[in-house]
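# Analysis of the macromolecular model
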Amino acid sequence: MVRKKLIAGNWKMNCLQAEGIALAKEVAAKVKAQKFDCDFLICPPFTLLGAIKKCLRGTKIALGAQDVHFAEKGAHTGDISSLMLTDLGCTYTIIGHSERRVDHFESNELINKKAVAAHQAGLNTVICIGETGEERDAGKTIKVCQDEIDGSVPNDATAKNTVIAYEPIWAIGTGKTPTAADVEEVHAAIRKALTKKLGKATANKMRILYGGSVKPSNAAELLSLPDVDGALIGGASLKAEDFINIAINSTK
Ligand code: 13P
């Protein structure tokens, strides 16, 4: 099964306007300058979405947010709806990132609800899952991922509207990564869990990204694994050259 790789940048809570615009312009220019056989997505903070959309015009880079509320509109102070995101030109949103699961106590149930609302509004979702270091040491990695797939991925998920990102929490921003064999084992288990939930045809087509300390030097190894269909990149997505070199190295 050939799945087109997705190279996605999660800028997290970084970049003021000038910085973000300069970064997006640099990424856009580099993506335009050569032919890539992968899809691109960048997810800046909410405050920059409108400005960055303009920088991405005429490129194949999709724009995504980092979270969304499940309600269409109304009394939800500080929240952002799917329609507000599509109105700004977003076609994706990340949901269930471990930083939201931990900092904002987001449950699988809430993430599932957000995914349903996003899909209904025509937004694609990148649903994040992954174990803590403690869970890994206790041999619970696969079980945690299966449970998060079961709970967070809605029944309406298709290979078109949903991308899974496996991000071991202990590998995020630490410079540590699992071995390639470990990554492949977990991704294959995730695909099995998706098969059980959504059927073989959908699971075989659905992209499963790896995230956690991806950089140009480890991209080729991690992204050449059979069940790894791209990367969700934090720190290295804040440097245009690193972000592009990850794409170059992963599609060689
Ligand atoms: P780093 O690439 O900085 O480890 O972050 C990964 C991540 O959390 C992307 O969502």
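Here, every reference points to the structure presented above.
Here goes a summary of the coordinates provided.

About the thresholds
- Residues numbered from 1 in each chain as written.
- Predicted model: local features only at pLDDT ≥ 70, side-chain atom pairs only at ≥ 80, totals over all residues.
- Heavy atoms only, no water.
- Core = buried A, V, L, I, M, F, W, Y, C linked by side-chain atoms within 4.5 Å.
- Buried < 20%, exposed > 50% of the residue type's maximum accessible area, 1.4 Å probe, protein only.
- Helix = DSSP H or I, 4+ residues; strand = E, 2+ residues; numbered from the N terminus.
- Contact = heavy atoms within 4.5 Å.
- Salt bridge = Lys/Arg side-chain N within 4 Å of Asp/Glu carboxyl O.
- Near = heavy atom within 4 Å.
- Polar contact = N/O pair within 3.5 Å; in protein donor to acceptor, adjacent residues only side chain to side chain.
- Areas by Shrake-Rupley, 256 points an atom, 1.4 Å probe, with all protein chains shown as cover.
- Nonpolar A, V, L, I, M, F, W, Y, C, P; charged D, E, K, R; others polar.
- Pairing = 2+ DSSP bridges.
- Phe/Tyr/Trp six-rings, centres within 6.5 Å; stacked < 30°, edge-to-face > 60°.
- Lys NZ or Arg CZ within 6 Å of the ring centre and 35° of its normal.
- Right-handed = clockwise from strand over helix to strand, strands pointing away.

## Quick look at the nonpolar core
One finds Phe40, Ile164, Ile190 and Leu194 to be the most contacted residues of the largest nonpolar core, which totals 63 residues. When residues in this core are grouped by element, the largest group, seven residues, is from helix H8 (residues 180-198). Apart from residues no more than four positions distant in its own chain, Leu194 is found in contact with Ile149, Ile164, Gly199, Ala203, Met206 and Ile208. Membership of the second largest hydrophobic core comes to 13 residues, among which are Leu41, Ala62, Cys128 and Leu232.

## Things to note about the pattern of salt bridges
With the rule as written, the count across this model stands at 15 salt bridges. With its nearest N and O atoms 2.9 Å apart, the salt bridge here joins Lys12 to Glu99. Here Glu99 lies in helix H4 (residues 98-103) and Lys12 lies in the loop between strand E1 (5-10) and helix H1 (17-33), a separation of 87 residues in the sequence. With a relative accessible area of 31%, Glu99 lands in the partly exposed category. What you see here is one network of salt bridges that share partners, running through Arg3, Arg191, Asp227 and Asp229.

## As for the site of the ligand
Taken together, 13 residues surround the ligand, and among them Lys12, His97, Gly173, Ser213 and Gly235 come closest. Contact between the ligand and Glu167: an oxygen atom at 2.9 Å from a side-chain N or O atom of the residue. At a separation of 2.6 Å, an oxygen atom of the ligand approaches a polar backbone atom of Gly173. Starting from 310 Å² of accessible surface for the ligand in isolation, the protein chains cover 95%. Taken together, the residues that form the shell around the ligand break down as four nonpolar, seven polar and two charged.

## Some details on the pairing of strand E2 (residues 38-43)
Burial within E2 is extensive, with five of its six residues counted as buried. Bridge count between E1 and E2: six bridges; the pairing is parallel. Its bridge partner lying in E2, Ile7 is registered against Phe40.

## Regarding the packing of aromatic side chains
Taken as a whole and assessed by the stated rule, the structure comprises three aromatic pairs. Ring centres of Phe36 and Phe40 lie 5.1 Å apart, and the angle between their planes is 90°; on these two criteria the pair is classed as edge-to-face. Overall, Phe40 belongs to the buried group, its relative accessible area being 1%. Between the aromatic rings of Phe40 and Phe243, the centroid separation amounts to 6.1 Å while the plane-to-plane angle is 55°, which identifies the pairing as tilted. Taken as a pair, Phe40 in strand E2 and Phe243 in helix H11 (residues 240-250) lie far apart in primary sequence, 203 residues in all. Pair check on accessibility: Phe40 and Phe243 agree, each one buried. Taken together, the ring pairs in this structure connect Phe36, Phe40 and Phe243 into an aromatic cluster. Directly above the aromatic system of Phe70 lies the positively charged group of Lys113, at a separation of 4.1 Å from the ring centroid.

## A word on unusual backbone geometry
Negative phi characterises most residues that are not glycine, and trans characterises most peptide bonds. Positive phi outside glycine occurs at Phe105, with the angle close to 50°. Along the chain, Phe105 turns up in the loop between H4 and helix H5 (108-120). Here Phe105 falls in the exposed class, since its relative accessible area comes to 73%. For Ser213, which is not glycine, the phi torsion reads 60° and is therefore positive. Considering the arrangement of structural elements, one finds Ser213 in the loop between strand E7 (207-211) and helix H10 (216-223).

## Focus: the pairing of E1
A large share of E1 lies buried, amounting to six of its six residues. Burial of E1 is two-sided: the residues Lys5, Ile7 and Gly9 facing one way and the residues Leu6, Ala8 and Asn10 facing the other way are all buried. As a crossover connection, the stretch from E1 through H1 into E2 is right-handed. Summarising the sheet, E1 and strand E8 (residues 230-233) pair through four bridges and their orientation is parallel. Within E8, the position partnered with Ile7 by the bridge is Ala231.

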